[in-house]
Amino acid sequence: MRMTRRAASAAAVAGLSLLAACSQTGGEVPGVSDSADRWWTASPSAASQPASALEVKPSDNKAAENKQASGPVSTTAATPTPAAASGPCGYAVTGKAARPVDMPRSDQIERTGSTTVTLTINDAPVVLTVDRAPAPCAANSFVSLAEQGFYNDTSCHKLSTGATKYLQCGDPSGTGNGGPGYSYPVDKGAKTGGSIGAGTLVLVADSHHRLGSQFALVYGDSTLPDSFLVIGSIDREGVDSISDIADEGVAGDGSSPKVDTRIGSVVMG
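It should be emphasised that the depicted structure is a prediction, and the values quoted were computed from it without experimental measurement.

Chemist: Hey, could you run me through the environment of Pro185 in this one?
Modeler: Tracing the chain through its elements places Pro185 in strand β9 (residues 182–185). Classification of Pro185 by relative accessible area gives buried; the value is 13%. In the structure, Pro185 is positioned 96 residues away from Cys89 in sequence and 8.6 Å away in space, judged by C-alpha atoms.

Chemist: Looking at this structure, I do not really get the pairing of strand β5 (residues 124–131). What am I missing?
Modeler: Each regular strand carries side chains that alternate between the two faces of the sheet. On β5, burial follows the alternation: Ala124, Val126, Leu128 and Val130 on one face are buried, whereas Pro125, Val127, Thr129 and Asp131 on the facing-out side are not. Pairing geometry for strand β4 (residues 114–121) and β5, over eight bridges, is antiparallel. Looking across to β5, one finds that Ser114 is bridged to Asp131. Linkage of β4 to β5, two consecutive antiparallel strands, is achieved through a turn of two residues, within which Asn122 is found at a positive phi near 50 degrees. As paired strands, β5 and strand β14 (residues 222–234) are joined by three bridges and run antiparallel to one another. Residue pairing across strands places Thr129 opposite Ser233, the latter belonging to β14.

Chemist: In this structure, what is going on with the state of the cysteines? I would like to understand it.
Modeler: In protein chemistry, a disulfide is the covalent bond that joins the sulfur atoms of two cysteines. Considering all chains together, one arrives at two disulfides under this definition. Across the disulfide, Cys89 is cross-linked to Cys137 (sulfur-sulfur distance 2.1 Å). Disulfide Cys89-Cys137: the torsion about the S-S bond is -85 degrees, which places it as left-handed. Of the two residues, Cys89 is situated in the loop between β1 (49–50) and β2 (92–93) and Cys137 in helix α2 (residues 136–147); the sequence distance between them amounts to 48 residues. When its relative accessible area of 7% is taken as the criterion, Cys89 is described as buried. Disulfide pairing places Cys156 opposite Cys169 at an S-S distance of 2.1 Å. One disulfide, between Cys156 and Cys169, carries an S-S torsion of 95 degrees and so falls in the right-handed class. With a gap of 13 residues between them, Cys156 in the loop between β6 (154–155) and β7 (158–161) and Cys169 in strand β8 (residues 165–169) connect regions that are remote in the sequence. The exposure classification of Cys156 matches that of Cys169, with both residues buried. In the protein, numbering the disulfide-bonded cysteines from first to last in sequence yields the connectivity 1-2, 3-4.

Chemist: Sorry, what's going on with the sheet that holds β9 here?
Modeler: Read from one edge of the open sheet, three strands run β2-β9-β12, paired in antiparallel fashion. If you trace the sheet from one side to the other, it starts and ends with β2 and β12 (210–211), each paired once. Across two bridges, the pairing between β2 and β9 is antiparallel. Looking at the pairing, Ala92 lines up with Ser183 of β9. Contacts from α2 reach β9 and β12 within the one sheet, and its direction differs from that of β9 by about 155 degrees.

Chemist: Which parts of the structure should I look at to understand the nonpolar core?
Modeler: Buried together is how nonpolar side chains tend to be arranged in soluble globular proteins. Core analysis: the largest hydrophobic core is formed by 46 residues, its most contacted members being Leu128, Phe142, Leu201, Phe215 and Ile231. Broken down by element, the residue count for this core peaks at seven residues, all from α2. Once you skip the residues sitting within four places of it in the chain, Leu201 turns out to touch Leu128, Val130, Phe142, Phe215, Ala216, Leu217, Leu229, Val230, Ile231, Gly232, Ser233 and Ile234. Counting nine residues, the second-largest nonpolar core is a separate cluster that includes Ile196, Val202, Leu224 and Phe228.

Conventions used here
Residues numbered from 1 in each chain as written. Predicted model: local features only at pLDDT ≥ 70, side-chain atom pairs only at ≥ 80, totals over all residues. Heavy atoms only, no water. Helix = DSSP H or I, 4+ residues; strand = E, 2+ residues; numbered from the N terminus. Buried < 20%, exposed > 50% of the residue type's maximum accessible area, 1.4 Å probe, protein only. Pairing = 2+ DSSP bridges. Disulfide = S-S within 2.5 Å. Contact = heavy atoms within 4.5 Å. Axes fitted to C-alpha atoms, helices over the stretch in contact; angles between N-to-C directions. Core = buried A, V, L, I, M, F, W, Y, C linked by side-chain atoms within 4.5 Å.

This is how it looks when you write it as structure tokens:
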């Protein structure tokens, strides 16, 4: 499939009264010293709560391949714990959000079946099937973010083309240091790391094993660290499209795709 390049556009997102966009200064992870209480606001609905931030820091060299998105949680934030098979999900506020978004509901979530999410990446459709049963809390968060438009008009900031083959996306700031303003632990019993086949959708955890908004599209058979959580699959045509991007190689920064790679629209179903 022939890929077309879209000009990068800066996503201007209106800030909420108590939420601010992440600032990138001095190479420091944004929001580290911020109190979670400072960014908490009343829930706009009974089913959801507003987010603040998750800071994630991608690896930028081969030796750091196992050290995916990272950033400390405010000491005042609630400590999330993995959900039991039928218990509530442990979503917890963790700083400033890269883009205003509501926290997903943590109880009475769907735990079976699957749902389809279609990303348009560089004008080509990439169809994702999200499976709920293996990791219901992770699937619930990913679908919630997709439904709210969190991933619309965002760049995919990292491409791995070596022994691990994946395209990493999901940070509206485009830096690899941004997230949805909340984090949560990996579901108990979920598939993490190891041998991952081409066409797998995975979420990317930080160095503290917390998940946020960042995800990776695995386009080739890989052996991944346990910071990668399997939540679904990618259609064959989507894998081919991502492979075409990977064939162009990595940019001079040693991390991002050489081809400007953006998620345009996100459609449920």
